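Architecture at a glance
One-letter residues, chain by chain:
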Amino acid sequence: MTQIYNFSAGPAVLPKEVLQQAAADMLDWHGSGMSVMEMSHRGPEFISIYEAAVRDLRLLLNVPANYKILFLQGGGLGENAIVPMNLVGRVSASATTPAAIDFVHTGSWSGKSVKEAARYANVNVAASGEAGRFTSVPPQSEWKLTPGAAYLHLCTNETIDGVEYNFVPELGDDTPIVADMSSHILSRVIDVSKYGVIFGGAQKNIGPAGLTLVIVRDDLLGHALPICPSAFDWSIVAAHDSMYNTPPTYGIYIAGLVFAHVLRQGGVAAMEQRNIAKAELLYAALDADDFYQNRVEKDCRSRMNVPFYLRDETLNDKFLAGAKARGLLQLKGHKSVGGMRASIYNAMLIEGVQALVDYLNEFAGRK
Ligand SMILES: *Cc1c(COP(=O)(O)O)cnc(C)c1O
């Protein structure tokens, strides 16, 4: 088989070593005689898999002791409802009625979060990048925040628009920051203590679709609205160590293999250095002349998701066919924005980015 490089935005490439390990374990995990998929989530085998995954993730992100790590179902979009159902109750009874949630609208995913939250609270778009067609993060000095808001929601990496935060806002009060990190968690060092909640679907940088990660500070638990399904009430899920209902066991197992793999690679700081090198290589090829175009302002270009356009869009199909013939897969841009997109998550090796850069140069007729 020719070497394949998969640039899908998600579900996305996983480390080869992880897939090989999963294949080796498929019929008989560690001599248990069972596949992980066949194990009770309450049995000692699976509990050991779960505990190792939580321990390794805590280590990787340096998660403080007063934060819970939860594994749920529902995906990133599910959290768009689950987050407000868990958090608006913090304030609605007192200060502002109905509760307000602040959002910074930086692209497609934060836009979806605004829409969904509006079913549960009074949403305030504190700043929007829409006028600039989502090519930057509006500077914090321009945000119009609501005093007493239940929380501030950010999407710290916009997977479709290719916009990534390069700062964590300092709010000057105790409003918790909720961050959708679906598409860049584990790609860069973060200070978890600056956030109230971090959430994400697993299928970009962590593992298979179907697993959703929530990291939540203890004092934010216990405020769920009465309409919140029990299986999505974080305090109930936390009290049962993510086993209130059956969690996505196989997804947790693969995520655990990915966490161990990242640890062996040197942890998140080492991944970040690799991701910087990969992103610099790719953006340099896109910027070399005007054959290709990435429209995002340089200081907030995503290291994970790189949308780009051909100057002559009539060449799009030819570009994609040539890429596929070279084993460079899933480069077509999201249907809402067109063009191309290369997602270069943790598991994308620099060799893959180099192969794409070689093709970009060849297709542009560069020497
Ligand atoms: C992929 C993605 C989601 C949606 O996740 P689902 O698991 O499909 O619900 C949400 N937010 C961001 C930033 C994403 O990249």
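Calculation rules
Residues numbered from 1 in each chain as written. Predicted model: local features only at pLDDT ≥ 70, side-chain atom pairs only at ≥ 80, totals over all residues. Heavy atoms only, no water. Near = heavy atom within 4 Å. Polar contact = N/O pair within 3.5 Å; in protein donor to acceptor, adjacent residues only side chain to side chain. Areas by Shrake-Rupley, 256 points an atom, 1.4 Å probe, with all protein chains shown as cover. Helix = DSSP H or I, 4+ residues; strand = E, 2+ residues; numbered from the N terminus. Nonpolar A, V, L, I, M, F, W, Y, C, P; charged D, E, K, R; others polar. Pairing = 2+ DSSP bridges. Contact = heavy atoms within 4.5 Å. Axes fitted to C-alpha atoms, helices over the stretch in contact; angles between N-to-C directions. Right-handed = clockwise from strand over helix to strand, strands pointing away. Domains from an automatic or database assignment. Buried area = accessible area lost by both parts, 1.4 Å probe. Salt bridge = Lys/Arg side-chain N within 4 Å of Asp/Glu carboxyl O.

Before going further, it helps to examine the site of the ligand. By nearness alone, every residue bordering the ligand is listed as Gly75, Gly76, Leu77, Trp109, Cys155, Asn157, Thr159, Asp180, Ser182, Ser183, Gln203 and Lys204. In the environment of the ligand, an oxygen atom lies 3.1 Å from a nitrogen or oxygen atom belonging to the backbone of Gly76. In this structure, Asp180 approaches the ligand through a side-chain N or O atom, which is 2.7 Å from a nitrogen atom. Relative to its unbound accessible area of 390 Å², the ligand is 85% covered by the protein chains. Looking at the shell around the ligand element by element, the count peaks at 3 residues for helix α3 (residues 75-87). Residue composition of the shell around the ligand, by class: 3 nonpolar, 7 polar and 2 charged.

In spatial order, the strands read β11-β12-β14; together these 3 strands make up an open sheet with antiparallel pairing. The open sheet terminates on both sides in strands that have one partner only, identified here as β11 (292-293) and β14 (340-343). As judged from the 2 bridges shared by β11 and strand β12 (residues 305-310), these two strands associate in the antiparallel manner. Paired with Tyr292 across the strands is Leu310, a residue of β12. Contacts from helix α7 (residues 267-287) reach β11, β12 and β14 within the one sheet, and its direction differs from that of β12 by about 15°.

When strand β3 (residues 100-105) meets strand β4 (residues 122-128), the two strands line up parallel, connected through 6 bridges. Note that in β4 the partner of Phe103 across the bridge is Val125. In the classification by handedness, the crossover that spans β3, the intervening helix α4 (residues 108-117) and the parallel β4 is right-handed.

Another aspect to go through is the domain arrangement of the protein chain. For the protein chain, the assigned domains are domain 1 (17-264) and domain 2 (267-363). Here the C-alpha centroids of domain 1 and domain 2 sit 27 Å apart. If you look at the interface, domain 1 gives 24 residues, while domain 2 gives 23 residues. With both sides pooled, the region where domain 1 packs onto domain 2 buries about 2000 Å², and carbon together with sulfur makes up 52% of that total. Contact with domain 2 buries surface across domain 1, with Thr135, Ile160 and Glu164 losing the most and accounting together for 25% of the total. Across the domain 1-domain 2 interface, the total number found is 0 salt bridges. Inspection of the domain 1/domain 2 interface yields 13 residue pairs in polar contact (both at pLDDT 80 or more).

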